[in-house]
Amino acid sequence: MKALKGSRTAKIFAGIALVSASALVIAGCSSTPSDDSSDGGAPATDLTLKLGSLLPKTGSLAFLGPPMESGVGLAVEEVNAAEAGITIDLTAEDEGDTDTKAYETSIEKLRNADVSAIVGAAASGVSKLVLDGNVSAGILQISASNTSPDFTAWEDDGLYFRTAPSDLLQGEVLGNLIAEDGAKTLGIIYQNDAYGTGLNDALTTTFEGTGGEVVESVSYNVGDSSFDAQVESIKAQNPDAVAIVSFEQFKTIAPLLVNAGITADKFYMVDGNLSDYGDEIPVSLEGAQGTKAGPALEDDFTDRLQESWTAAGNPEVKDFTYAAEAYDAVILVALASLAAGSTEGADIAAKMQEVSGGSGDGEKCTSFADCAEIINNGGTADYDGYSGDVTFDENGDPQGATIGIYKYVAGNTIERTN
(Lines give C-alpha, C1' and ligand atoms only; values in the text may rest on other atoms or scores of the structure.)
Protein backbone atom coordinates (compact mmCIF):
# COMPACT_ATOMS: atom_id res chain seq x y z
CA MET A 1 0.00 0.00 0.00
CA LYS A 2 1.23 3.47 -0.83
CA ALA A 3 2.20 5.38 2.28
CA LEU A 4 -0.02 8.38 2.95
CA LYS A 5 1.76 11.45 4.17
CA GLY A 6 0.89 15.01 4.97
CA SER A 7 -2.61 16.11 5.80
CA ARG A 8 -4.86 14.90 8.61
CA THR A 9 -7.51 14.27 5.96
CA ALA A 10 -5.19 11.80 4.31
CA LYS A 11 -4.73 10.05 7.62
CA ILE A 12 -8.39 9.65 8.40
CA PHE A 13 -9.45 8.55 4.95
CA ALA A 14 -6.46 6.37 4.27
CA GLY A 15 -8.88 3.46 4.28
CA ILE A 16 -9.97 4.21 0.72
CA ALA A 17 -6.64 2.82 -0.42
CA LEU A 18 -6.72 -0.81 -1.49
CA VAL A 19 -4.44 -3.61 -0.39
CA SER A 20 -4.22 -6.06 -3.28
CA ALA A 21 -2.88 -9.57 -3.51
CA SER A 22 -4.05 -12.65 -5.32
CA ALA A 23 -6.11 -15.23 -3.49
CA LEU A 24 -8.32 -18.14 -4.37
CA VAL A 25 -12.03 -17.59 -3.84
CA ILE A 26 -13.85 -20.88 -3.75
CA ALA A 27 -17.26 -21.01 -5.39
CA GLY A 28 -18.29 -24.13 -3.54
CA CYS A 29 -21.31 -26.21 -4.48
CA SER A 30 -24.04 -23.92 -3.21
CA SER A 31 -27.61 -24.95 -3.38
CA THR A 32 -29.96 -22.58 -5.17
CA PRO A 33 -32.73 -20.91 -3.17
CA SER A 34 -36.23 -20.89 -4.60
CA ASP A 35 -36.91 -18.23 -7.22
CA ASP A 36 -40.54 -17.89 -6.09
CA SER A 37 -40.81 -14.34 -4.78
CA SER A 38 -44.51 -13.85 -5.51
CA ASP A 39 -45.30 -13.69 -1.80
CA GLY A 40 -43.70 -10.25 -1.49
CA GLY A 41 -40.65 -11.16 0.53
CA ALA A 42 -41.51 -14.33 2.41
CA PRO A 43 -38.38 -16.42 3.06
CA ALA A 44 -37.44 -18.71 0.18
CA THR A 45 -35.45 -20.92 2.55
CA ASP A 46 -35.61 -22.17 6.13
CA LEU A 47 -32.03 -22.43 7.35
CA THR A 48 -30.45 -23.06 10.73
CA LEU A 49 -26.90 -21.75 10.76
CA LYS A 50 -24.58 -23.15 13.41
CA LEU A 51 -22.28 -20.25 14.23
CA GLY A 52 -19.35 -20.27 16.63
CA SER A 53 -17.58 -17.39 18.32
CA LEU A 54 -13.97 -17.59 19.48
CA LEU A 55 -13.43 -14.41 21.49
CA PRO A 56 -11.34 -13.51 24.55
CA LYS A 57 -13.09 -14.07 27.85
CA THR A 58 -9.66 -14.45 29.50
CA GLY A 59 -6.07 -13.54 28.67
CA SER A 60 -4.35 -10.33 27.58
CA LEU A 61 -7.21 -9.31 25.27
CA ALA A 62 -10.00 -10.01 27.76
CA PHE A 63 -10.96 -6.31 27.87
CA LEU A 64 -11.93 -6.58 24.18
CA GLY A 65 -14.17 -9.59 24.82
CA PRO A 66 -17.31 -7.76 26.07
CA PRO A 67 -17.61 -5.29 23.18
CA MET A 68 -17.11 -7.99 20.57
CA GLU A 69 -19.33 -10.51 22.33
CA SER A 70 -22.03 -7.87 22.71
CA GLY A 71 -21.83 -7.16 18.98
CA VAL A 72 -22.15 -10.85 18.13
CA GLY A 73 -25.01 -11.32 20.59
CA LEU A 74 -27.01 -8.35 19.30
CA ALA A 75 -26.58 -9.44 15.68
CA VAL A 76 -27.73 -13.00 16.45
CA GLU A 77 -30.72 -11.61 18.34
CA GLU A 78 -31.74 -9.35 15.46
CA VAL A 79 -31.22 -11.99 12.77
CA ASN A 80 -33.41 -14.44 14.65
CA ALA A 81 -36.07 -11.82 15.41
CA ALA A 82 -36.36 -10.95 11.70
CA GLU A 83 -37.79 -14.42 10.87
CA ALA A 84 -36.43 -13.99 7.35
CA GLY A 85 -35.61 -17.60 6.53
CA ILE A 86 -32.52 -18.15 8.65
CA THR A 87 -32.01 -18.82 12.36
CA ILE A 88 -28.61 -18.70 14.06
CA ASP A 89 -27.62 -21.28 16.67
CA LEU A 90 -24.64 -19.71 18.47
CA THR A 91 -21.92 -21.56 20.39
CA ALA A 92 -19.54 -19.20 22.23
CA GLU A 93 -16.08 -20.27 23.43
CA ASP A 94 -13.09 -18.56 25.05
CA GLU A 95 -10.11 -17.63 22.90
CA GLY A 96 -7.70 -16.80 25.72
CA ASP A 97 -4.38 -15.87 24.12
CA THR A 98 -1.20 -17.45 22.78
CA ASP A 99 0.15 -17.69 26.33
CA THR A 100 -2.82 -19.37 28.06
CA LYS A 101 -3.74 -21.41 24.93
CA ALA A 102 -7.42 -21.60 25.90
CA TYR A 103 -8.18 -21.60 22.17
CA GLU A 104 -6.80 -25.13 21.80
CA THR A 105 -9.69 -26.65 23.74
CA SER A 106 -12.22 -24.10 22.49
CA ILE A 107 -11.58 -24.61 18.79
CA GLU A 108 -12.07 -28.36 19.14
CA LYS A 109 -15.39 -27.76 20.91
CA LEU A 110 -16.53 -25.52 18.08
CA ARG A 111 -15.50 -27.98 15.37
CA ASN A 112 -17.17 -30.84 17.24
CA ALA A 113 -20.34 -28.72 17.40
CA ASP A 114 -20.35 -28.79 13.57
CA VAL A 115 -20.31 -25.02 13.20
CA SER A 116 -20.24 -23.75 9.62
CA ALA A 117 -18.66 -20.39 10.47
CA ILE A 118 -16.66 -18.88 13.32
CA VAL A 119 -16.45 -15.23 14.36
CA GLY A 120 -12.91 -14.75 15.69
CA ALA A 121 -10.31 -15.05 16.81
CA ALA A 122 -9.64 -11.55 18.14
CA ALA A 123 -5.84 -11.89 18.11
CA SER A 124 -4.03 -12.30 14.81
CA GLY A 125 -1.64 -14.70 16.52
CA VAL A 126 -4.46 -17.02 17.58
CA SER A 127 -6.13 -16.89 14.16
CA LYS A 128 -2.87 -17.95 12.54
CA LEU A 129 -2.85 -21.04 14.76
CA VAL A 130 -6.44 -22.14 14.05
CA LEU A 131 -7.08 -20.95 10.49
CA ASP A 132 -5.52 -23.84 8.60
CA GLY A 133 -7.50 -26.36 10.64
CA ASN A 134 -10.71 -24.46 9.97
CA VAL A 135 -9.96 -24.37 6.26
CA SER A 136 -9.38 -28.13 6.27
CA ALA A 137 -12.73 -28.60 8.03
CA GLY A 138 -14.51 -26.34 5.52
CA ILE A 139 -15.36 -23.76 8.20
CA LEU A 140 -15.64 -20.10 7.23
CA GLN A 141 -13.69 -17.86 9.61
CA ILE A 142 -14.35 -14.13 9.94
CA SER A 143 -12.53 -11.91 12.41
CA ALA A 144 -13.63 -8.54 13.71
CA SER A 145 -10.14 -7.52 14.80
CA ASN A 146 -7.39 -9.44 12.98
CA THR A 147 -5.10 -6.78 11.56
CA SER A 148 -1.96 -8.67 10.53
CA PRO A 149 -1.08 -7.98 6.88
CA ASP A 150 -0.24 -11.69 6.49
CA PHE A 151 -3.90 -12.68 6.11
CA THR A 152 -4.28 -10.85 2.82
CA ALA A 153 -2.36 -13.52 0.90
CA TRP A 154 -3.08 -16.50 3.20
CA GLU A 155 -3.85 -19.79 1.41
CA ASP A 156 -7.36 -20.05 2.85
CA ASP A 157 -9.46 -21.47 -0.02
CA GLY A 158 -11.53 -18.28 0.15
CA LEU A 159 -12.79 -19.18 3.64
CA TYR A 160 -11.24 -16.29 5.61
CA PHE A 161 -12.65 -12.77 5.93
CA ARG A 162 -12.17 -9.84 8.27
CA THR A 163 -14.14 -6.68 8.97
CA ALA A 164 -11.13 -4.83 10.42
CA PRO A 165 -8.49 -3.23 8.21
CA SER A 166 -4.88 -4.37 7.95
CA ASP A 167 -2.21 -2.90 10.23
CA LEU A 168 -0.73 -1.35 7.12
CA LEU A 169 -3.50 1.24 7.40
CA GLN A 170 -3.36 1.88 11.16
CA GLY A 171 0.45 2.10 11.01
CA GLU A 172 0.19 4.75 8.30
CA VAL A 173 -2.35 6.80 10.22
CA LEU A 174 -0.45 6.63 13.51
CA GLY A 175 2.94 7.33 11.91
CA ASN A 176 1.59 10.39 10.13
CA LEU A 177 -0.14 11.62 13.30
CA ILE A 178 3.11 11.44 15.27
CA ALA A 179 5.01 13.28 12.54
CA GLU A 180 2.33 15.97 12.16
CA ASP A 181 2.48 16.58 15.91
CA GLY A 182 6.11 17.62 15.39
CA ALA A 183 8.04 14.59 16.66
CA LYS A 184 11.36 13.98 14.92
CA THR A 185 12.42 10.91 16.93
CA LEU A 186 10.33 7.95 18.04
CA GLY A 187 10.73 5.06 20.43
CA ILE A 188 8.53 1.97 20.10
CA ILE A 189 7.67 -0.73 22.64
CA TYR A 190 5.82 -3.58 20.97
CA GLN A 191 4.55 -7.08 21.63
CA ASN A 192 6.53 -9.78 19.85
CA ASP A 193 3.68 -11.49 18.00
CA ALA A 194 1.88 -11.17 14.67
CA TYR A 195 -0.03 -8.09 15.83
CA GLY A 196 2.89 -6.26 17.40
CA THR A 197 5.49 -6.93 14.75
CA GLY A 198 3.08 -6.00 11.96
CA LEU A 199 2.22 -2.67 13.53
CA ASN A 200 5.83 -1.97 14.46
CA ASP A 201 6.92 -2.49 10.86
CA ALA A 202 4.12 -0.37 9.38
CA LEU A 203 4.62 2.41 11.92
CA THR A 204 8.38 2.47 11.40
CA THR A 205 8.08 2.58 7.62
CA THR A 206 5.58 5.44 7.70
CA PHE A 207 7.29 7.56 10.35
CA GLU A 208 10.71 7.26 8.75
CA GLY A 209 9.09 7.97 5.39
CA THR A 210 8.11 11.40 6.74
CA GLY A 211 11.76 12.13 7.60
CA GLY A 212 11.59 11.07 11.23
CA GLU A 213 13.87 8.53 12.94
CA VAL A 214 12.93 5.54 15.06
CA VAL A 215 15.72 5.71 17.61
CA GLU A 216 14.70 2.61 19.57
CA SER A 217 12.37 -0.29 18.89
CA VAL A 218 12.21 -2.86 21.66
CA SER A 219 9.90 -5.85 22.08
CA TYR A 220 8.55 -8.04 24.86
CA ASN A 221 7.01 -11.51 24.72
CA VAL A 222 3.40 -12.51 25.33
CA GLY A 223 3.14 -13.49 28.98
CA ASP A 224 5.89 -11.14 30.19
CA SER A 225 5.07 -9.19 33.34
CA SER A 226 8.22 -7.08 33.75
CA PHE A 227 8.99 -4.25 31.32
CA ASP A 228 11.74 -2.33 33.14
CA ALA A 229 14.39 -3.19 30.56
CA GLN A 230 12.25 -1.97 27.68
CA VAL A 231 11.44 1.31 29.46
CA GLU A 232 15.11 1.87 30.29
CA SER A 233 16.07 1.37 26.63
CA ILE A 234 13.49 3.93 25.53
CA LYS A 235 14.48 6.42 28.23
CA ALA A 236 18.15 6.17 27.24
CA GLN A 237 17.32 7.45 23.74
CA ASN A 238 15.08 10.29 25.01
CA PRO A 239 12.73 10.26 21.98
CA ASP A 240 10.22 13.00 21.19
CA ALA A 241 7.41 10.44 21.20
CA VAL A 242 6.83 6.86 22.38
CA ALA A 243 4.48 4.41 20.67
CA ILE A 244 3.23 1.51 22.77
CA VAL A 245 1.90 -1.45 20.77
CA SER A 246 0.46 -3.75 23.41
CA PHE A 247 -2.64 -5.19 24.95
CA GLU A 248 -3.41 -5.00 28.68
CA GLN A 249 0.32 -4.86 29.46
CA PHE A 250 -0.07 -1.10 28.96
CA LYS A 251 -1.42 -0.92 32.51
CA THR A 252 2.06 -1.83 33.75
CA ILE A 253 4.09 -0.07 31.04
CA ALA A 254 2.43 3.35 31.38
CA PRO A 255 3.36 3.98 35.06
CA LEU A 256 6.93 2.82 34.37
CA LEU A 257 7.28 5.33 31.54
CA VAL A 258 5.82 8.18 33.60
CA ASN A 259 8.05 7.33 36.57
CA ALA A 260 11.02 7.38 34.18
CA GLY A 261 10.18 10.99 33.31
CA ILE A 262 8.38 10.38 30.01
CA THR A 263 5.10 12.28 30.27
CA ALA A 264 1.86 10.84 28.92
CA ASP A 265 1.48 13.59 26.30
CA LYS A 266 4.32 11.83 24.45
CA PHE A 267 2.41 8.51 24.37
CA TYR A 268 0.88 7.16 21.17
CA MET A 269 -1.32 4.10 21.52
CA VAL A 270 -3.13 1.60 19.30
CA ASP A 271 -6.40 -0.31 19.16
CA GLY A 272 -5.02 -3.07 21.38
CA ASN A 273 -4.59 -0.79 24.40
CA LEU A 274 -6.83 2.23 23.76
CA SER A 275 -9.48 2.12 26.48
CA ASP A 276 -11.16 4.12 29.22
CA TYR A 277 -8.90 3.12 32.11
CA GLY A 278 -10.20 5.41 34.83
CA ASP A 279 -8.41 4.56 38.08
CA GLU A 280 -7.10 1.23 36.75
CA ILE A 281 -3.86 3.08 35.94
CA PRO A 282 -2.36 5.09 38.84
CA VAL A 283 -0.91 7.89 36.69
CA SER A 284 -2.53 10.50 34.48
CA LEU A 285 -2.81 9.68 30.78
CA GLU A 286 -4.07 13.16 29.89
CA GLY A 287 -2.71 14.22 26.52
CA ALA A 288 -1.88 10.72 25.28
CA GLN A 289 -3.26 9.89 21.85
CA GLY A 290 -4.10 6.74 19.94
CA THR A 291 -5.81 5.20 16.94
CA LYS A 292 -8.36 2.49 16.36
CA ALA A 293 -10.48 1.40 13.43
CA GLY A 294 -14.10 2.32 12.89
CA PRO A 295 -16.29 5.38 12.44
CA ALA A 296 -18.03 7.13 15.31
CA LEU A 297 -20.87 4.85 16.41
CA GLU A 298 -24.48 5.97 16.39
CA ASP A 299 -26.12 6.31 19.81
CA ASP A 300 -28.97 4.02 18.76
CA PHE A 301 -26.51 1.21 18.04
CA THR A 302 -24.62 1.53 21.31
CA ASP A 303 -27.91 1.72 23.23
CA ARG A 304 -29.08 -1.51 21.58
CA LEU A 305 -25.75 -3.15 22.39
CA GLN A 306 -25.97 -2.20 26.06
CA GLU A 307 -29.61 -3.23 26.36
CA SER A 308 -29.02 -6.64 24.80
CA TRP A 309 -25.79 -7.27 26.73
CA THR A 310 -27.05 -6.24 30.17
CA ALA A 311 -30.36 -8.09 29.66
CA ALA A 312 -28.28 -11.27 29.56
CA GLY A 313 -26.94 -10.47 33.04
CA ASN A 314 -23.66 -8.85 32.00
CA PRO A 315 -22.22 -5.58 33.34
CA GLU A 316 -22.33 -2.61 30.97
CA VAL A 317 -19.83 -2.58 28.12
CA LYS A 318 -17.03 -0.17 29.03
CA ASP A 319 -16.11 0.82 25.51
CA PHE A 320 -17.12 -0.38 22.07
CA THR A 321 -13.84 -1.29 20.40
CA TYR A 322 -14.60 -3.74 17.56
CA ALA A 323 -18.24 -4.13 18.64
CA ALA A 324 -19.46 -2.83 15.27
CA GLU A 325 -17.01 -5.02 13.38
CA ALA A 326 -18.22 -8.10 15.30
CA TYR A 327 -21.87 -7.20 14.69
CA ASP A 328 -21.27 -6.69 10.97
CA ALA A 329 -19.38 -9.99 10.74
CA VAL A 330 -22.43 -11.92 11.94
CA ILE A 331 -24.85 -9.99 9.72
CA LEU A 332 -22.70 -10.59 6.64
CA VAL A 333 -22.39 -14.32 7.32
CA ALA A 334 -26.15 -14.61 7.83
CA LEU A 335 -26.89 -12.69 4.62
CA ALA A 336 -24.39 -14.77 2.65
CA SER A 337 -25.94 -17.98 3.97
CA LEU A 338 -29.41 -16.73 3.03
CA ALA A 339 -28.23 -15.69 -0.45
CA ALA A 340 -26.61 -19.11 -0.96
CA GLY A 341 -29.61 -21.00 0.39
CA SER A 342 -27.07 -23.09 2.29
CA THR A 343 -25.29 -23.37 5.63
CA GLU A 344 -22.15 -25.00 4.21
CA GLY A 345 -19.01 -22.95 4.87
CA ALA A 346 -17.84 -22.90 1.25
CA ASP A 347 -21.29 -21.94 -0.03
CA ILE A 348 -21.51 -19.06 2.44
CA ALA A 349 -17.99 -17.91 1.52
CA ALA A 350 -18.94 -17.81 -2.16
CA LYS A 351 -21.59 -15.17 -1.38
CA MET A 352 -19.66 -13.03 1.14
CA GLN A 353 -18.19 -10.64 -1.40
CA GLU A 354 -21.56 -10.26 -3.12
CA VAL A 355 -23.60 -9.33 -0.02
CA SER A 356 -20.92 -6.87 1.08
CA GLY A 357 -21.18 -4.99 -2.21
CA GLY A 358 -18.11 -6.48 -3.84
CA SER A 359 -20.02 -7.43 -6.98
CA GLY A 360 -20.87 -3.78 -7.56
CA ASP A 361 -24.48 -4.36 -8.63
CA GLY A 362 -26.35 -4.82 -5.37
CA GLU A 363 -29.07 -2.75 -3.73
CA LYS A 364 -27.85 -0.76 -0.72
CA CYS A 365 -29.30 -1.74 2.67
CA THR A 366 -28.26 -1.07 6.26
CA SER A 367 -30.02 -3.71 8.37
CA PHE A 368 -30.32 -7.46 8.26
CA ALA A 369 -34.09 -7.31 7.86
CA ASP A 370 -33.96 -4.94 4.89
CA CYS A 371 -31.13 -6.84 3.20
CA ALA A 372 -32.88 -10.17 3.75
CA GLU A 373 -36.04 -8.81 2.15
CA ILE A 374 -34.04 -7.88 -0.95
CA ILE A 375 -32.54 -11.38 -1.12
CA ASN A 376 -35.87 -13.10 -0.52
CA ASN A 377 -37.38 -11.03 -3.34
CA GLY A 378 -34.73 -12.34 -5.72
CA GLY A 379 -32.44 -9.32 -5.62
CA THR A 380 -28.80 -8.77 -4.63
CA ALA A 381 -28.19 -7.06 -1.29
CA ASP A 382 -25.26 -4.69 -0.63
CA TYR A 383 -24.95 -4.38 3.16
CA ASP A 384 -23.39 -1.27 4.65
CA GLY A 385 -22.84 -1.71 8.37
CA TYR A 386 -21.92 0.13 11.53
CA SER A 387 -18.20 -0.47 10.93
CA GLY A 388 -18.44 1.06 7.46
CA ASP A 389 -19.23 -0.06 3.94
CA VAL A 390 -17.02 -3.16 4.41
CA THR A 391 -17.08 -4.33 0.72
CA PHE A 392 -14.80 -7.37 0.71
CA ASP A 393 -12.15 -7.66 -1.99
CA GLU A 394 -11.04 -10.96 -3.50
CA ASN A 395 -8.83 -11.61 -0.46
CA GLY A 396 -11.58 -11.20 2.13
CA ASP A 397 -10.22 -7.80 3.22
CA PRO A 398 -12.48 -4.75 3.59
CA GLN A 399 -11.67 -2.40 0.70
CA GLY A 400 -12.08 0.75 2.73
CA ALA A 401 -11.97 1.65 6.40
CA THR A 402 -11.88 4.63 8.73
CA ILE A 403 -9.27 5.03 11.44
CA GLY A 404 -10.33 7.25 14.33
CA ILE A 405 -7.95 9.40 16.38
CA TYR A 406 -8.53 9.63 20.12
CA LYS A 407 -7.07 11.68 22.97
CA TYR A 408 -7.05 11.12 26.73
CA VAL A 409 -8.70 13.72 28.92
CA ALA A 410 -8.94 14.05 32.69
CA GLY A 411 -10.00 10.85 34.42
CA ASN A 412 -8.05 8.64 31.98
CA THR A 413 -10.93 8.47 29.52
CA ILE A 414 -10.74 8.92 25.76
CA GLU A 415 -12.49 11.31 23.41
CA ARG A 416 -12.55 11.04 19.63
CA THR A 417 -10.86 14.02 18.00
CA ASN A 418 -11.20 13.04 14.33
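These numbers come from a predicted model, not from an experiment.

Student: Which parts of the structure should I look at to understand the sheet that holds strand 6 (residues 185-191)?
Tutor: Within a sheet, neighbouring strands are paired by backbone hydrogen bonds and run either parallel or antiparallel to one another. A sheet is described by the order of its strands in space; here 7 strands give the open sequence 7-6-8-9-10-13-14, paired in mixed fashion. Each having just a single partner strand, strand 7 (213-220) and strand 14 (413-416) make up the two edges of the open sheet. Taken pair by pair, the neighbouring strands of this sheet meet at an average axis angle of 25°, ignoring direction. Note: strand 6 against strand 8 (residues 241-245), 5 bridges, orientation parallel. Among the inter-strand pairings, isoleucine 189 is bridged to a residue of strand 8, identified as isoleucine 244. Together, strand 6, strand 8, strand 9 (267-269), strand 10 (289-293) and strand 13 (403-409) form the strand contacts of helix 5 (residues 167-180), whose direction differs from that of strand 10 by roughly 155°. Contacts from helix 8 (residues 250-259) reach strand 6, strand 7, strand 8 and strand 9 within the one sheet, and its direction differs from that of strand 9 by about 165°.

Student: I tried to follow the pairing of strand 6 on my own but got confused; where do I start?
Tutor: On a regular strand, each side chain points to the face opposite its neighbour's, so the side chains alternate between the two faces of the sheet. Counting buried residues along strand 6, 7 of its 7 residues qualify, which places the element largely inside the surrounding structure. Remark: the strand 6/helix 6 (residues 194-209)/strand 7 crossover connection has right-handed handedness.

Student: So what exactly am I meant to see when it comes to the sheet that holds strand 2 (residues 86-94) here?
Tutor: Across the sheet, 5 strands lie side by side as 2-1-3-4-5; this open sheet has parallel pairing. Two strands lie at the open edges of the sheet, namely strand 2 and strand 5 (160-162), each paired on one side alone. Neighbour to neighbour, the strand axes of the sheet diverge by 20° on average, direction disregarded. Across 3 bridges, the pairing between strand 4 (residues 140-143) and strand 5 is parallel. What sits directly across from serine 143, in strand 5, is arginine 162.

Student: What should I look at first to understand the pairing of strand 1 (residues 47-55) in this one?
Tutor: Across the 9 residues of strand 1, 7 count as buried, placing the element largely inside the fold. In this sheet, strand 2 lies alongside strand 1 in parallel orientation, the contact comprising 9 bridges. Bridge pairing in strand 2 links threonine 48 to threonine 87. What joins strand 1 to strand 2 is helix 2 (residues 65-82), and the crossover it makes is right-handed.

Student: Hey, could you run me through a negative patch on the surface in this one?
Tutor: On the surface, a cluster of negative charge is made up of Glu77, Glu298, Asp299, Asp303 and Glu307. Among the elements that line the negative patch, the one with the most residues is helix 9 (residues 299-311), at 3 residues. Tracing the backbone through its elements, the reader meets glutamate 298 in the loop between strand 10 and helix 9.

Student: Would you explain the pattern of salt bridges in this entry?
Tutor: Opposite charge on two side chains makes pairing possible when the charged atoms of those side chains draw close. Counting across every chain of the model gives 11 salt bridges. Arginine 111 is the salt-bridge partner of glutamate 108, the closest N and O atoms lying 3.2 Å from each other. Of the two residues, glutamate 108 and arginine 111 are both situated in helix 3 (residues 102-112); the distance of 3 residues between them amounts to about one turn of the helix. Exposure remark for glutamate 108: the relative accessible area of 38% places this residue in the partly exposed category. Across the pair lysine 364 and aspartate 382 runs a salt bridge, and its minimum N-O distance is 3.3 Å.

Criteria and thresholds
Residues numbered from 1 in each chain as written. Predicted model: local features only at pLDDT ≥ 70, side-chain atom pairs only at ≥ 80, totals over all residues. Heavy atoms only, no water. Pairing = 2+ DSSP bridges. Helix = DSSP H or I, 4+ residues; strand = E, 2+ residues; numbered from the N terminus. Axes fitted to C-alpha atoms, helices over the stretch in contact; angles between N-to-C directions. Contact = heavy atoms within 4.5 Å. Buried < 20%, exposed > 50% of the residue type's maximum accessible area, 1.4 Å probe, protein only. Right-handed = clockwise from strand over helix to strand, strands pointing away. Patch = residues over 30% accessible without salt bridge, like charges linked within 9 Å, V, L, I, M, F, W, Y side chains within 5 Å. Areas by Shrake-Rupley, 256 points an atom, 1.4 Å probe, with all protein chains shown as cover. Salt bridge = Lys/Arg side-chain N within 4 Å of Asp/Glu carboxyl O. Lys, Arg positive; Asp, Glu negative; His and termini not counted. Charge placed at Lys NZ, Arg CZ, Asp CG, Glu CD.

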